[in-house]
Amino acid sequence: MEEFAYILDYLSQGVPSGNFARKEPLCYALGDDEFKLFELVPKPGAVINIGERVYIGKDPEQRTSIDHVKRRVGPSELTHGAVAELEYCVIEIVLANQQRFVRFFNEAVPLSLKKHLLEELPGLGKKTLTAILDERAKNGHFKDLKDLSDRAGVKNPEKLVSARIVLELTDNSMKRYLFVSK
């Protein structure tokens, strides 16, 4: 269950349609634990900022800007603004939860004789994979993303992870989900 979400887009007049009935304001958001996509209804008069982390859990006392979760949405239902903001919010989530993602680099194992789990990250080649595995074997686990970058020479490891998360969110033909809850 998601407790917090990052605002991807805010529609103060609701979803555009041909209906002239009263429209309620809506937000599109990304959960920061399981990466679920939501349509949220803000509280009246609440100030909503794109990229803001908001509470969406069950405790109504903690909900300062969001009234309720309207529904879960798929990636095809997001606005263009929400899709454009998706990568930035994912990077922010990865950086805020570094230990979770460093654990992935520390515990990743071979999937078969020819493929390693780390190869599932878009942009990670054989040389970088070998450098990560060699460094992990020689000097132990990585402490954080900076340690991974310094020791194994991986430039921007948070971008590798976020690219995989965005791919898992947007591509319905994925065989293996590493980070996103389906």
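Before reading further, recall that the structure is shown in the block above.
In this convention, every chain numbers its residues from 1, walking through the sequence in written order. Only residues with pLDDT of at least 70 get local features here, since the model is predicted, and only at 80 or more are side-chain atom pairs given and counted; chain-wide, interface and lining totals rely on the full set of residues. The side-chain values count all of the structure's non-hydrogen atoms but skip hydrogen atoms and water molecules.

What follows is about the packing of aromatic side chains. Each Phe, Tyr or Trp ring, with Trp reduced to its six-membered ring, pairs with another whose centre is within 6.5 Å; inter-plane angles below 30 degrees give stacked pairs, above 60 give edge-to-face pairs, and intermediate values give tilted ones. Taken as a whole and assessed by the stated rule, the structure comprises four aromatic pairs. Taking the centre distance of 5.0 Å and the plane angle of 65 degrees together, the rings of Phe-104 and Phe-179 count as edge-to-face. Of the two residues, Phe-104 sits in helix α2 (residues 98-107) while Phe-179 sits in the segment after α5 (157-170), which places them 75 residues apart along the sequence. Remark: exposure states derive from per-residue accessible area (1.4 Å probe, protein chains only) relative to the maximum for the residue type, with buried under 20%, exposed over 50%, and partly exposed in between. A relative accessible area of 10% places Phe-179 in the buried class. Ring pairs connect the aromatic residues Phe-101, Phe-104, Phe-105 and Phe-179, which therefore count as one cluster. Two thresholds decide whether a charge sits over a ring: the Lys NZ or Arg CZ must be within 6 Å of the ring centre and within 35 degrees of the ring normal. The ring of Phe-4 carries Arg-53 above its face, with NZ or CZ at 3.8 Å from the centroid. Here a helix means four or more residues in a row that DSSP labels H or I, a strand means two or more in a row labelled E, and each is numbered from the N terminus.

Quick look at the sheet that holds strand β2 (residues 26-31) now. If you trace the five strands from one edge of the open sheet to the other, you get β4-β1-β2-β3-β5, paired in antiparallel fashion. Only two strands of the sheet have a single neighbouring strand rather than two, namely β4 (53-55) and β5 (66-72). In this sheet, adjacent strand axes meet at a mean angle of 45 degrees when their direction is disregarded. Two strands are counted as paired when DSSP detects at least two bridges linking them. Relative to β5, strand β3 (residues 37-42) is paired through five bridges, and the arrangement is antiparallel. Counted as the bridge partner of Val-41 is His-68 from β5. Here an angle of 0 to 180 degrees is reported between the N-to-C directions of two axes, which are lines fitted to C-alpha atoms, with helices fitted over the stretch in contact.

Here we take up the side chain of Glu-39. Residue position: Glu-39 is located in strand β3. Contacts are assigned to residue pairs that have any heavy atoms within 4.5 Å of one another. When near neighbours in sequence (up to four residues on either side) are disregarded, Glu-39 contacts Val-15, Leu-26, Cys-27, Tyr-28, Val-69, Lys-70, Arg-71 and Val-73.

Quick look at the pattern of salt bridges now. For this document, the term salt bridge refers to a Lys or Arg side-chain nitrogen within 4 Å of an Asp or Glu carboxyl oxygen. Considering all chains together, one arrives at 14 salt bridges under this definition. In this structure, Arg-100 engages Asp-33 in a salt bridge whose closest nitrogen and oxygen atoms are separated by 4.0 Å. Of the two residues, Arg-100 is situated in helix α2 and Asp-33 in the loop between β2 and β3; the sequence distance between them amounts to 67 residues. Linked by salt bridges that have partners in common, Lys-115, Glu-120, Arg-164, Glu-168 and Arg-176 make up one network.

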